[in-house]
Amino acid sequence: MQRWLRGPASIGRALFVRAGAPRPFDLSRPLAFMHIPKTAGTSLVAALIQALEPRALISGLDGVLFGDFDSFSSFQDDLRSHIYLSPEAMPVNADLITGHIGYTSLRQRFPDAQLITVLREPFCRILSHWLFWRGNTDEVLVAWGSWADRVRLSHQPLANFLSTPTLACQIDNLAVRMLLSPHPLIPVADFIDPKHDRQLLTEAHDRLGQFSRVDVVENPKLGGRLKKWLGRPFDIERRNETEGIPEPLRRPLVSELTSEAVDLLAARSRLDLELWRAVTRRQVRRRNPEQVRLQALLQCTARYSLLMGVPSLTR
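First things first, this report covers the structure right here in the doc. (Residues numbered from 1 in each chain as written. Predicted model: local features only at pLDDT ≥ 70, side-chain atom pairs only at ≥ 80, totals over all residues. Heavy atoms only, no water.)

## Comments concerning helix H15 (residues 289-307)
Alright, step 1. The terminal C-alpha atoms of H15 lie 27 Å apart, and with 19 residues this matches the ideal 27 Å at 1.5 Å per residue to within 8%.
Alright, step 2. Of the positions making up H15, those classed as buried are Pro289, Val292, Arg293, Ala296, Leu297, Cys300, Thr301, Tyr304, Ser305 and Leu307.
Alright, step 3. Between the side-chain oxygen at the start of H15 and the backbone nitrogen of Glu290 there is a gap of 2.7 Å, and the oxygen is on Asn288.
Alright, step 4. Positive backbone phi, approximately 95°, marks Gly309, located one or two places after H15. (Helix = DSSP H or I, 4+ residues; strand = E, 2+ residues; numbered from the N terminus. Expected span 1.5 Å × (residues − 1). Buried < 20%, exposed > 50% of the residue type's maximum accessible area, 1.4 Å probe, protein only. Polar contact = N/O pair within 3.5 Å; in protein donor to acceptor, adjacent residues only side chain to side chain.)

## So, the side chain of Arg134
Alright, step 1. Inspection of the secondary structure assignment puts Arg134 in helix H5 (residues 122-134).
Alright, step 2. Among the polar contacts made by the side chain of Arg134, one reaches the main-chain carbonyl oxygen of His155 at a distance of 3.3 Å.
Alright, step 3. Residues contacting Arg134, with those up to four places away along its chain left out, are Ser154, His155, Gln156, Ile245, Pro246, Leu249, Arg251, Glu256 and Met308. (Contact = heavy atoms within 4.5 Å.)

## Describing the packing of aromatic side chains
Aromatic ring pairs are defined here through the distance separating the ring centres and the angle between the ring planes.
Alright, step 1. Across all of its chains, the model carries 13 aromatic pairs by this definition.
Alright, step 2. Both rings, one in Phe75 and one in Trp144, keep their centres 5.6 Å apart while their planes meet at 70°; by these two values the pair is edge-to-face. On the criterion of sequence distance, the pair formed by Phe75 in the loop between strand S2 (57-62) and helix H3 (77-80) and Trp144 in the loop between helix H6 (138-141) and helix H7 (148-151) is long-range, its members being 69 residues apart.
Alright, step 3. Taking the relative accessible area as the measure of exposure, Phe75 reaches 3% and is therefore buried.
Alright, step 4. Through pairs of rings, three or more aromatic residues link up here, namely Phe66, Phe69, Phe72, Phe75, Trp133, Trp144, Trp147 and Phe161.
Alright, step 5. In this arrangement the basic side chain of Arg268 is found over the ring face of Phe191, its NZ or CZ atom lying 3.5 Å from the centre.
Alright, step 6. Across from the ring centre of Phe123, 4.7 Å away, lies the NZ or CZ of Arg293, which sits over that ring. (Phe/Tyr/Trp six-rings, centres within 6.5 Å; stacked < 30°, edge-to-face > 60°. Lys NZ or Arg CZ within 6 Å of the ring centre and 35° of its normal.)

Structural measurements only, silent on function.
Written out as structure tokens, the structure is:
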């Protein structure tokens, strides 16, 4: 576990989320939730819909998560209709916008929207992403056409999965990618060069400062604070969790967490981890971010070990 906590030398310790007092919720303006995959966003979206009862809802994906993939004609029609490859493709009259849509698309199409997002400890996020993809059946993947070939790369060992450049759009510092893409220093089909870390991290902090609400999944007060901000009942129920891994793809999680895989997890999360620490420091004020992180890592590895068919890490 010590290796999980070290990571690279901190590159953003002097940076903080540039946010002042929380901006009051304005019912007359659209609300846009930038949903980073595997950050409990499905549960949050359901709670937002129930609380706000929007007149016009948009939910979908933009191009940030697809990298260099362009075979969208292979998608089933109902799914393809929710892929917005340009900001102009999104209906402009929505009052609630949700989905895996990056900052740039949201701000260009809805310049007056109140933006919110939630971060998650990034090692746990990446592991959850890998296992969620690994749990998809061929029946589910039919709708995704040739994109399914990339999803099936999750059948490989974790280290191989984390080494695949065409998956960088899904696994490489995803929060920073969704905040900043398109960006000349962020390749669409390769990993971010560490020499650009400080510039990208500074820009990502600045972007987060433009959000009305930013929090972390690990904050036990997340739901209560959103309830207070919205000024209406707000209950988050757990949804869209990975239920199980097909038997042929199960193997002890501890055997996947090789030295190579842990080093790759650190590389693929180094920027997101700095953002998460800064937000956690601000939002979970009575706990050290490293204690919050340790608890998250212990809980997620225990749960994911069960999903992979092993009762505990110590067995």
